[in-house]
Amino acid sequence: MAEFIASIDQGTSSTRCMIFNHGGEIISSHQLEHKQIYPQPGWVEHNPYEIWARTQDVIKEAMKLAGLRLEDIAAIGVTNQRETTVVWDKDSGKVFYNAIVWQDTRTDEIISELAKKGGQERFIKRVGLPLATYFSGPKIKWILDNVPEVRQAAEEGRAIFGNIDTWIIWNLTGQHVTDVTNASRTMLMDLKTLKWDEEICEIFTIPMKMLPKICSSSEVYGLTFKDGPFGGEIPVCGDLGDQQAATVGQACFDVGEAKNTYGTGCFMLLNTGNNIVFSKNGLLTTVCYQLKNEKPVYALEGSIAITGALVQWLRDNLKMISSAAEIENLAKTVDDNGGIYFVPAFSGLFAPYWKSNARGIIVGLTRYVNNGHFARAVLEATAFQTREVLEAMKSDSGVDLLALKVDGGMVRNDLLMQIQADVLQVPVIRPRVAETTALGAAYAAGYAIGFWKDLKEMRSNWKKDKVWNPKVCSPLYSEKYKEWKKAVTRTFDWIE
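Nothing here was measured: the structure is a model prediction, and the numbers come from that model.

A. Spotlight on the overall build of the protein chain. Scanning the protein chain for helices and strands turns up 16 helices and 23 strands. Projected onto the principal axes, the alpha-carbon positions of the protein chain cover approximately 60 × 50 × 45 Å. Per-residue burial over the protein chain gives 62% buried out of 496 residues. The centroid of the 54 positive side-chain charges in the protein chain is displaced by 3 Å from the centroid of its 59 negative side-chain charges.

B. View of the packing of helix α1 (residues 48-66) against helix α6 (residues 164-173). Interaxial distance between α1 and α6 falls to 11 Å at its minimum, and their mutual angle equals 60°. With respect to each other, α1 and α6 are oriented oblique. Note that α1 runs across α6; the crossing there is right-handed. Taken together, the residues of α6 that come into contact with α1 (itself represented by P48, Y49, I51, W52, T55 and I59) are I164, W167, I168, N171 and L172. Looking at side-chain class alone, the contact of α1 with α6 contains nine nonpolar, two polar and no charged residues.

C. Local environment of the sheet that holds strand β21 (residues 404-407). Spatially, seven strands are ordered β17-β18-β16-β15-β21-β22-β23 in an open sheet, and the strand pairing comes out mixed. In this open sheet, the two strands that pair with only one neighbour each are β17 (284-289) and β23 (464-468). If you compare each strand with its neighbour and ignore which way they point, the axes differ by 30° on average. Two strands pair when backbone bridges link them, and strand β15 (residues 258-262) and β21 are joined in this way by three bridges, in the parallel orientation. In the sheet register, K259 faces β21, and the bridge partner there is K405. Strand contacts of helix α13 (residues 414-424): β15, β21, β22 (428-431) and β23, with the helix running at about 55° to β23, the strand carrying the most contacts.

D. Representation of unusual backbone geometry. In this structure, P352 follows A351 across a cis peptide bond, with omega equal to -5°. Along the polypeptide, P352 turns up in the loop between β19 (341-343) and β20 (361-363). Unusually for a residue other than glycine, E83 sits at a positive phi of about 70°. Relative to the helices and strands, E83 is located in the loop between β5 (73-80) and β6 (85-89). According to the relative accessible area criterion, E83 is buried, its value standing at 1%. In this model, C473 sits at a positive phi of 65°, which is unusual for a non-glycine residue. Secondary-structure assignment places C473 in the loop between β23 and α16 (479-489).

E. How the structure looks around the nonpolar core. Ranked by internal contacts, the top residues of the largest apolar core, which has 109 residues, are Y134, L188 and Y262. Ranked by residues supplied to this core, first place goes to helix α12 (residues 371-397) with twelve residues. Excluding anything up to four places from it in sequence, Y134 contacts R82, E83, W102, K139, R185, F267, L284, E301, S303, F350 and W354. Formed by 32 residues, the second largest nonpolar core is a distinct cluster that contains F4, I76, V95 and L172.

F. Spatial organisation of the side chain of S279. Position of S279 among the secondary structure elements: in the loop between β16 (266-273) and β17. Of the residues examined, S279 reaches a relative accessible area of 17% and is grouped as buried. A polar side-chain atom of S279 sits 3.0 Å from the main-chain amide nitrogen of L283. A polar atom in the side chain of S279 sits 2.4 Å from the side chain of D396.

G. How the structure looks around the pattern of salt bridges. Tallied over the entire structure, the rule returns 29 salt bridges. Of the charged contacts, one joins D197 and R126 as a salt bridge, the two residues approaching to 2.9 Å between their closest N and O atoms. Within this pair, whereas D197 is found in the loop between β11 (195-196) and α8 (198-203), its partner R126 is found in helix α3 (residues 124-127), the two being separated by 71 residues in sequence. Each of R82, E83, R185, D242 and E301 takes part in salt bridges that share partners, so that together they form one network.

What counts and what doesn't
Residues numbered from 1 in each chain as written. Predicted model: local features only at pLDDT ≥ 70, side-chain atom pairs only at ≥ 80, totals over all residues. Heavy atoms only, no water. Helix = DSSP H or I, 4+ residues; strand = E, 2+ residues; numbered from the N terminus. Buried < 20%, exposed > 50% of the residue type's maximum accessible area, 1.4 Å probe, protein only. Lys, Arg positive; Asp, Glu negative; His and termini not counted. Charge placed at Lys NZ, Arg CZ, Asp CG, Glu CD. Axes fitted to C-alpha atoms, helices over the stretch in contact; angles between N-to-C directions. Parallel < 35°, antiparallel > 145°, perpendicular 65-115°, else oblique. Left-handed = near helix turned anticlockwise from the far one by under 90°. Contact = heavy atoms within 4.5 Å. Nonpolar A, V, L, I, M, F, W, Y, C, P; charged D, E, K, R; others polar. Pairing = 2+ DSSP bridges. Core = buried A, V, L, I, M, F, W, Y, C linked by side-chain atoms within 4.5 Å. Polar contact = N/O pair within 3.5 Å; in protein donor to acceptor, adjacent residues only side chain to side chain. Salt bridge = Lys/Arg side-chain N within 4 Å of Asp/Glu carboxyl O.

Right, here's the structure in full:
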């Protein structure tokens, strides 16, 4: 058998290809950013053609950097920014409209209209999700209702939908498929049957022939085209939404294990096993993963829209830093936040509030405040939001978290990780391979073909890199968190 697994990690701000060996170690990696498109306030789009072009580029470069050939790659896994919605013509490949990104809030009126009958939790016992602009179903409906020709093309069976995993796999193999984790983020899949819900699709006025085939997270979906970026046929056989992929990459295979991923947003998942657990505290019920020929594993999830994206905003909009990495040193120039709190409700508030009519605020400004305080407040916003999700998770599960496994791009920021430990008052643990999203997709692909034989083999690859222990009696845990909670209330109901 070939010795390596390739993983395509298509995220909100960039795309990368990572190649792993059997020990779960990174052999090579290449990453490219893509453009963020903001046509109107609250609207966020990506160009699907650009994403596919970047995908091809990173594949070729990662293979080149490692000096690998087609026959060296045993399988390919795909992981993706979830909920981001693409509709295209299956005959021509023409995209009807830009991808509508998960952060986009244009579907607010659709959500309000749907909530008039049954409220925000109208479908929650079937799909595990509240009515919110976050999910794919309302985005599909918006495209059908607002983009000329799409509804007719959908009725004719030409216009098809996919999240970014489906778009990538379709371009790689020609197959129109998704996996249970991505399907569980559309608001259109029944969690028990793992099938598209006909009644909900009808309420959304979405023709079911638009929807991809739902598969497990670990099976052969198709072979890459001979003239594609890999230069020949390789099985594509792993597919997981990015946060579920990170949970697999962190080897959170036992009930009660949790991880938190720090990327564009922040996402904490708690494995609840084969049981579907519905939240009473604003968390989502989602499919965690389904490996080949096995029962689905479910999770509770706390989703935070803006964390790493806030650092990008500080860089790109306010020009306080020239690179994301600079925020740590800037924040270290001060001892605290100077009394300011930044609540980044740019796309409304996600877990545990689910208020799409909230908007971002900065409170506590005085002339004392400088750039360092801004930087510190940005980092603290991530840590405080994570604690809100963790408290909701504890209330739902009754389980005290003894330590938090972390991953994603922001975990390279040592100051942020120490702040997080202080805010939570539990140790924060970073694994040796922090890019666990790509690793999880690789595991799913490798498991499908026997590259990794069982979960124990994958778990044995997990190694601890660094631990941050909390400072006892930190003001971040008590009075600072209390002030944060007060700041959050100031964002409510900004949009009427």
